Amino acid sequence: MAGVADVRRRVLMISGAIDAVDYDVSVSINLPEPGRWQIIKSETNLTDQTWVAMQVTTDDDTHFVEGGDALVMSRQFSKTFLTPDMRRLTFFDGEVRPGEAVLKVFEIETEARRPAYAHARYSPVSSDSAERSEELLQQMVTDGMPQRPTIEVIVPVTVIG
């Protein structure tokens, strides 16, 4: 993974790939300065599973920004859910098949120069019925995805602007 921070526009662009099936990925980024940043994140699904939801959870010094000029969207997922404490964002109602890329856009506000956030993905179990998969998905959107072991990644950031 690699990132580019445009200080003038307060935009951080991160790209990479995920090939971990049984792990969540915790991403630490070195920002030029704390504050509000728009994150544009692109990653490729290198697993053999289709992702039907993605969850992003922030650290204690960071929260998501919603409303106003804040943009929260994904090209692959048509719905989002943000918890009242503004620390967990879930993208759902879509899919990312093996080999496909996913694009997510969201804004964070952080007090730290090195915020961290964790990515979790949900893939339905093939033996579950469509109704059971939908029920589990709705439960995970509401309650959050269960914690799994985490791979920590420090993303190098090039500063421009």
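You'll find the structure just up there.
No experiment lies behind these values; they were computed from the predicted model shown.

**Topic: the nonpolar core**
Link 1 in the chain: Formed by 25 residues in total, the largest nonpolar core has its most connected members in Leu12, Ile29, Trp37, Ile39, Phe64, Phe106 and Tyr117.
Link 2 in the chain: Elements supplying a minimum of two residues to this core: strand E2 (11–18), strand E3 (24–29), strand E4 (35–45), strand E5 (51–58), strand E8 (77–82), strand E9 (88–96) and strand E10 (101–110).
Link 3 in the chain: If sequence neighbours within four positions are ignored, Phe64 has contacts with Val56, Thr58, Leu82, Met86, Arg87, Arg88, Leu89, Phe106, Glu107 and Ile108.
Link 4 in the chain: Val52, Ala53, Leu136 and Val141 belong to the second largest nonpolar core, which has 10 residues in total.

**Observations concerning unusual backbone geometry**
Link 1 in the chain: In this structure, Arg10 takes a positive phi of about 60° despite not being glycine.
Link 2 in the chain: Tracing the backbone shows Arg10 in the loop between strand E1 (2–6) and E2.

**Focus on the sheet that holds E8**
Link 1 in the chain: Taken together, the 6 strands give an open sheet; going across it, the order is E8-E9-E5-E11-E3-E12, and neighbouring strands pair in mixed fashion. Only two strands of the sheet have a single partner each, and these edge strands are E8 and strand E12 (150–155). On average, each strand axis in the sheet is tilted by 20° relative to the strand beside it, whichever way the strands run.
Link 2 in the chain: Note that E5 and strand E11 (residues 116–122) share 6 bridges and pair antiparallel. Pairing of Met54 across the sheet is with Arg121, part of E11.
Link 3 in the chain: Sitting on the sheet, helix H1 (residues 130–143) is in contact with E5, E8, E9 and E11, with an inclination near 155° to E9.

**A look at the environment of Trp37**
Link 1 in the chain: In this fold, Trp37 is placed in strand E4.
Link 2 in the chain: Assessed through its relative accessible area of 0%, Trp37 is described here as buried.
Link 3 in the chain: Between the alpha carbons of Trp37 and Gln147 there is a distance of 26 Å; along the sequence they are 110 residues apart.
Link 4 in the chain: Apart from residues no more than four positions distant in its own chain, Trp37 is found in contact with Ala5, Asp6, Val7, Arg10, Val11, Leu12, Leu31, Pro32, Phe106, Glu107 and Ile108.

**Brief notes about the packing of aromatic side chains**
Link 1 in the chain: On inspection of all chains with the given rule, the structure shows 2 aromatic pairs.
Link 2 in the chain: Their ring planes at 75° and their centres at 5.5 Å tell us that Phe64 and Phe106 sit as a pair that is edge-to-face. Highlighted residues: Phe64 in strand E6 (residues 62–65) and Phe106 in strand E10, separated in sequence by 42 residues.
Link 3 in the chain: The exposure class assigned to Phe106 is buried, which follows from its relative accessible area of 0%.
Link 4 in the chain: Ring plane angle 90° and centroid distance 5.9 Å describe the contact between Phe106 and Tyr117, whose orientation is recorded as edge-to-face. Remark: Tyr117 occurs in strand E11 and Phe106 occurs in strand E10; sequence separation between them is 11 residues. Pair check on accessibility: Phe106 and Tyr117 agree, each one buried.

**Thoughts on the pattern of salt bridges**
Link 1 in the chain: The tally for this structure, following the rule as stated, stands at 11 salt bridges.
Link 2 in the chain: Put simply, Arg9 and Asp6 hold a salt bridge, and the shortest N to O gap is 3.2 Å.
Link 3 in the chain: Judged by relative accessible area, Arg9 falls into the exposed class, the value being 56%.
Link 4 in the chain: For Asp6, a relative accessible area of 6% translates into the label buried.
Link 5 in the chain: Asp24 is the salt-bridge partner of Arg148, the closest N and O atoms lying 2.9 Å from each other. In this pair, Arg148 is assigned in the loop between H1 and E12 and Asp24 in strand E3, connecting sequence segments 124 residues apart.
Link 6 in the chain: Given a relative accessible area of 26%, Arg148 falls into the partly exposed group.
Link 7 in the chain: One salt-bridge network, in which partners are shared between bridges, spans Arg36, Glu107 and Glu109.

About the criteria used
- Residues numbered from 1 in each chain as written.
- Predicted model: local features only at pLDDT ≥ 70, side-chain atom pairs only at ≥ 80, totals over all residues.
- Heavy atoms only, no water.
- Core = buried A, V, L, I, M, F, W, Y, C linked by side-chain atoms within 4.5 Å.
- Buried < 20%, exposed > 50% of the residue type's maximum accessible area, 1.4 Å probe, protein only.
- Helix = DSSP H or I, 4+ residues; strand = E, 2+ residues; numbered from the N terminus.
- Contact = heavy atoms within 4.5 Å.
- Pairing = 2+ DSSP bridges.
- Axes fitted to C-alpha atoms, helices over the stretch in contact; angles between N-to-C directions.
- Phe/Tyr/Trp six-rings, centres within 6.5 Å; stacked < 30°, edge-to-face > 60°.
- Salt bridge = Lys/Arg side-chain N within 4 Å of Asp/Glu carboxyl O.

None of the figures reported here should be taken as evidence of function without further support.
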